[in-house]
Amino acid sequence: SFAAEAVKEITAKNFASAIELLSSAIGLYTKDYRFFVNRSYCYENVQKYFLALKDAKRAIKLNAEKSKCYFRKGKALLGLRMFSEAETAFLKVIELEDGHNAVATAQLLDVRVQAIVSLGFQNDVAMLKASQFKCVADIYANRDSICSDEMTENETNDMDFNSGNSTIKIINSLNVTNPFGWKALFVTNVSLVITADKISTLFSKYGNIIKCTKLDGAQLNTDCSSFLIHYDNPDSPKNAMAELQGAIVNGINKNGEDGFQIWYRPSEDQKSGQFHKRLDGKECYYWRTTGCTLKHCKRVHSPGNSGVDLQPWMKHDKRNRNNAH
């Protein structure tokens, strides 16, 4: 049968061939959850995480009591860097296994490690710190506690130096990495009156900036401005992250107490594969981030772009999404 041949191909790690065979099996019979579980596994191994997630969800619809369906969902979400959602899926695996599943437990730790790495920390630091947090949400809420432990040997706490007319107060100079080689930064906790030119001047110290775009607080339903800063290389955002993550800049931050919050983002030329460009500005913002709940949304919902721009600071708020449309 197609399914039996697919298993042989999976064992031989011929995932593309296995996908074709499983698709043929599904074409003949659509009610076997195992076909979707196995194809989800294959899609994950060829890094087609959206398709892996889609198959995992279909498997769950067919058999919601099988832990392996949720395990595949968790692995797909982890590939998409959707850490909180992946964590929920792996917790469901453990629940269905009566609290005992060593593989899912290990995956939960890996989710938290990768969540810390995504904030710019090195893998060894992430592995040491991950077990100290109960969930991914705790990691994002307590990022400063990670910062306080990850300091370079030559750093100086609360060091002040002048940059133009602004004084920058460095809370911690971090020893960070750029795990995905992304060339852009999302920077928030900036005063509403600050312009893109002002931010560009500050961040240009770390390299050549191609473009800097301001996102007003009103657009994001926040009391501060945010900026997307695009460099022409991956080292510049890493260096900026290392020095300015949590830094307080007099006259630039929204107040004198909250420092920058910075995340890596893919630049325009890196938005391939799982990161797709918008469709002529007509694509639904919420479809790409927290999820659109409108039954008849007038904007485009591209199947492969669901959740591609979801970030840790974004919250699911049905009321705001509906009002925005």
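Throughout what follows, the structure given in this document is the object of discussion. As the structure is a prediction and not an experimental result, all values here were calculated from the model.

### Comments concerning the packing of helix H3 (residues 33-45) against helix H5 (residues 67-79)
At their nearest, the axes of H3 and H5 sit 10 Å apart, and the two run at 25 degrees to each other. By the angle between their directions, the pair H3 and H5 is classed as roughly parallel. Crossing hand, H3 versus H5: left-handed. Residues Tyr33, Val37, Ser40, Tyr41 and Glu44 of H3 form the contact with H5, whose participating residues are Lys68, Cys69, Arg72 and Lys75.

### Quick look at the nonpolar core
Counting residues in hydrophobic clusters, the biggest one holds 53 residues, and the most contacted among them are Cys42, Phe83, Val111 and Ile116. Both domain 1 (2-147) and domain 2 (184-269) contribute no fewer than three residues apiece to this core. Not counting residues within four places of it along the chain, the set of residues in contact with valine 111 comprises Leu78, Phe83, Ala86, Glu87, Phe90 and Val136. Core analysis: the next-biggest nonpolar cluster, separate from the first, contains 24 residues, Ile209, Ile229, Ala247 and Tyr264 among them.

### Focus: the pattern of salt bridges
Tallied over the entire structure, the rule returns nine salt bridges. Here arginine 39 ties to aspartate 55 by a salt bridge, and the two come within 2.6 Å at their closest N and O atoms. Note that arginine 39 is positioned in helix H3 and aspartate 55 in helix H4 (residues 49-62), a separation of 16 residues in sequence. Assessed through its relative accessible area of 10%, arginine 39 is described here as buried. Residue classification places aspartate 55 among the buried positions, given a relative accessible area of 2%.

### Remarks on the side chain of serine 226
Checked against the element boundaries, serine 226 lands in strand E5 (residues 225-231). One polar contact links serine 226 to threonine 188, side chain to side chain, over a distance of 2.8 Å.

Parameters and conventions
- Residues numbered from 1 in each chain as written.
- Predicted model: local features only at pLDDT ≥ 70, side-chain atom pairs only at ≥ 80, totals over all residues.
- Heavy atoms only, no water.
- Axes fitted to C-alpha atoms, helices over the stretch in contact; angles between N-to-C directions.
- Helix = DSSP H or I, 4+ residues; strand = E, 2+ residues; numbered from the N terminus.
- Parallel < 35°, antiparallel > 145°, perpendicular 65-115°, else oblique.
- Left-handed = near helix turned anticlockwise from the far one by under 90°.
- Contact = heavy atoms within 4.5 Å.
- Core = buried A, V, L, I, M, F, W, Y, C linked by side-chain atoms within 4.5 Å.
- Buried < 20%, exposed > 50% of the residue type's maximum accessible area, 1.4 Å probe, protein only.
- Domains from an automatic or database assignment.
- Salt bridge = Lys/Arg side-chain N within 4 Å of Asp/Glu carboxyl O.
- Polar contact = N/O pair within 3.5 Å; in protein donor to acceptor, adjacent residues only side chain to side chain.

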